[in-house]
2 protein chains.
Amino acid sequence: MRPIMHAQRNCEDQQKINHFLNHTRTGLLGLSDGLQPYVIPLNFVWWNSCIYFHGLSSGRKVSIIKQNNAACFTIFEEFGTVTDPVPAKTDTAYMSVMLFGDVEKVTQLEDATAVLQQFLNKYVPGFYDRPLSKVHVDKYRSSLDNQTVSVYRLQPHTITAKHNPVNEQHLFYPGKSASPSNY
Amino acid sequence: MRPIMHAQRNCEDQQKINHFLNHTRTGLLGLSDGLQPYVIPLNFVWWNSCIYFHGLSSGRKVSIIKQNNAACFTIFEEFGTVTDPVPAKTDTAYMSVMLFGDVEKVTQLEDATAVLQQFLNKYVPGFYDRPLSKVHVDKYRSSLDNQTVSVYRLQPHTITAKHNPVNEQHLFYPGKSASPSNY
């Protein structure tokens, strides 16, 4: 099988990258705890050219960020396996974006409220009949399971994107065989 | 929204963890380039209690591994958003596994062939009418786009798993609202 990444698969289409960042539901936050990597899945929003996520104000993620806030946030979607009569040419259809930058805590209640509203807009659009209030967010930040919650911002200094677009007729499906009639 | 991870959501069910590692299609390899995290999506197989992946024998991933082979391999699946009349209790249904260990190159052709056969079994089951030959793998390793390809093994010393199982009636769907009739 071909390795998933090829240099020639760079994606420069800003509209496609933005759409992908706006619609993909999970991102992977990579941190370095000294020389030990640490990768956690997170819900996120892409807003004002930043990645925003939230989490408990304690735990390993937060303690790493306090020591070293350099981050790599990777967002990925796989569309299926591309078949080929030659096994080594088996391939993967995918899109991925990597964002590099430092993570910072969002300290202003107004900003955190606006970010959490973006989360609701993304993950449960139309579910609530009125916008989130600062009072609700303030209560939320200080009372979730008796732990405080923080909102974080990653303002990327570098963004790279790769894609291998889907060619549906070449994708694998159960029962497909390498007979010449498939090519 | 609740942060995606809660300590009380640890999963200890080995059968469930194994099934998840065997069937999830993409994993995220986290490396530390000095103190700079680097996270890339990869196809992988879980075999003989190790994570195997492959890739070109050059590039940033390989140059980092040569300097620091400590890795965190994270596998994640999200099942949807769990709604609640209280916005702060919006939640995510998911399963995730993190594996920590050092990455090593698989140097024996026999071993690399067996691993690549596992890849074909996982990603294109039944597609080829005969097993992969060592000759094919040897040719593949030395001739893909004139670059060599390597197979890597991560033998984990630590595995952690978390889950928030799906309760389908509580998942968000387009058009769902926070009216009392939904609860």
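Here, every reference points to the structure presented above.
Residues numbered from 1 in each chain as written. Chains lettered and ligands numbered in written order. Predicted model: local features only at pLDDT ≥ 70, side-chain atom pairs only at ≥ 80, totals over all residues. Heavy atoms only, no water.

1. As for the environment of A88 of chain A
Residues and elements named next belong to chain A.
Part 1 of the reasoning: Relative to the helices and strands, A88 resides in the loop between β5 (70–82) and β6 (91–106).
Part 2 of the reasoning: The exposure class assigned to A88 is buried, which follows from its relative accessible area of 9%.
Part 3 of the reasoning: Separated by 74 residues in the primary sequence, A88 and K162 place their C-alpha atoms 21 Å from one another. (Helix = DSSP H or I, 4+ residues; strand = E, 2+ residues; numbered from the N terminus. Buried < 20%, exposed > 50% of the residue type's maximum accessible area, 1.4 Å probe, protein only.)

2. Focus: the layout of surface pockets
If you roll a probe as big as a water molecule over the atoms, it shows you where there is empty space left.
Part 1 of the reasoning: The computed volume of the largest pocket comes to approximately 550 Å³.
Part 2 of the reasoning: As for the largest pocket, its lining consists of 18 residues, and the residues nearest its centre are F76, E77 and E78 of chain A together with F76 and E77 of chain B.
Part 3 of the reasoning: Of the residues assigned to the lining of the largest pocket, the class counts are five nonpolar, seven polar and six charged. (1 Å grid on protein atoms, 1.4 Å probe; cavity = no way out; pocket = protein on both sides within 12 Å on 5 of 7 lines; lining within 4 Å. Points joined across faces, edges and corners; volume = space filled by probe spheres on them. Nonpolar A, V, L, I, M, F, W, Y, C, P; charged D, E, K, R; others polar.)

3. Brief notes about the sheet that holds β5 of chain A
Residue and element names in this part refer to chain A.
Part 1 of the reasoning: Spatial strand order, β2-β1-β5-β6-β7-β4-β3: seven strands in an open sheet with antiparallel pairing. Single-partner strands in this sheet number two, and they are β2 (36–43) and β3 (45–47). With direction set aside, neighbouring strand axes in the sheet form an average angle of 35°.
Part 2 of the reasoning: Across three bridges, β3 lies against strand β4 (residues 50–56) in antiparallel orientation. (Pairing = 2+ DSSP bridges. Axes fitted to C-alpha atoms, helices over the stretch in contact; angles between N-to-C directions.)

4. Describing the packing of aromatic side chains
Part 1 of the reasoning: In total, this model carries 18 aromatic pairs over all chains according to the counting rule given.
Part 2 of the reasoning: Ring geometry for F53 of chain A against F73 of chain A: centres 6.3 Å apart, planes inclined by 10°, an arrangement best described as stacked. Separated by 20 residues along the polypeptide, F53 of chain A in strand β4 and F73 of chain A in strand β5 bring together distant segments of the chain. There is no split in this pair, since F53 of chain A and F73 of chain A are both buried.
Part 3 of the reasoning: With centroids separated by 4.8 Å and ring planes inclined at 85°, the aromatic side chains of F127 of chain B and Y128 of chain B adopt a geometry described as edge-to-face. Exposure class is identical for F127 of chain B and Y128 of chain B. Each is buried. (Phe/Tyr/Trp six-rings, centres within 6.5 Å; stacked < 30°, edge-to-face > 60°.)

5. Re helix α3 (residues 109–123) of chain B
Part 1 of the reasoning: Compared with an ideal rise of 1.5 Å per residue, which puts 15 residues at 21 Å, α3 of chain B spans 21 Å between its outermost C-alpha atoms and is within 8% of the ideal.
Part 2 of the reasoning: Among the residues of α3 of chain B, those classed as buried are L109, A112, T113, V115, L116, Q117, F119, L120, K122 and Y123 of chain B. (Expected span 1.5 Å × (residues − 1).)

6. Describing the sheet that holds strand β2 (residues 36–43) of chain B
Residue and element names in this part refer to chain B.
Part 1 of the reasoning: Pairing within the open sheet is antiparallel, and its seven strands lie in the order β2-β1-β5-β6-β7-β4-β3. Strands at the two margins of the open sheet, each flanked by one partner only, are β2 and β3 (45–47). In this sheet, adjacent strand axes meet at a mean angle of 35° when their direction is disregarded.
Part 2 of the reasoning: Across the sheet, helix α1 (residues 14–23) is in contact with β3, β5 (70–82), β6 (91–106) and β7 (149–164); its angle to β6 comes to roughly 70°. (Contact = heavy atoms within 4.5 Å.)

7. Overview of the interface of chain A and chain B
Part 1 of the reasoning: Listed as interface residues are 66 residues of chain A and, on the opposing side, 66 residues of chain B.
Part 2 of the reasoning: When chain A packs against chain B, the two sides together hide about 5,400 Å² of surface, and 67% of this comes from carbon and sulfur.
Part 3 of the reasoning: Our enumeration of links across chain A and chain B arrives at two salt bridges.
Part 4 of the reasoning: Among the ionic pairs, R25 of chain B bridges to E78 of chain A, the shortest N-O distance being 2.7 Å.
Part 5 of the reasoning: Our count for the chain A to chain B interface comes out at 17 residue pairs in polar contact (both at pLDDT 80 or more).
Part 6 of the reasoning: Put simply, the parts of the chain that give the side of chain A that touches chain B at least two residues each are β1 (26–33), β2, β4, β5, β6, α3 (109–123) and α4 (134–143) of chain A.
Part 7 of the reasoning: Split into classes, the residues belonging to the side of chain A that touches chain B amount to 38 nonpolar, 21 polar and seven charged. (Buried area = accessible area lost by both parts, 1.4 Å probe. Salt bridge = Lys/Arg side-chain N within 4 Å of Asp/Glu carboxyl O. Polar contact = N/O pair within 3.5 Å; in protein donor to acceptor, adjacent residues only side chain to side chain.)

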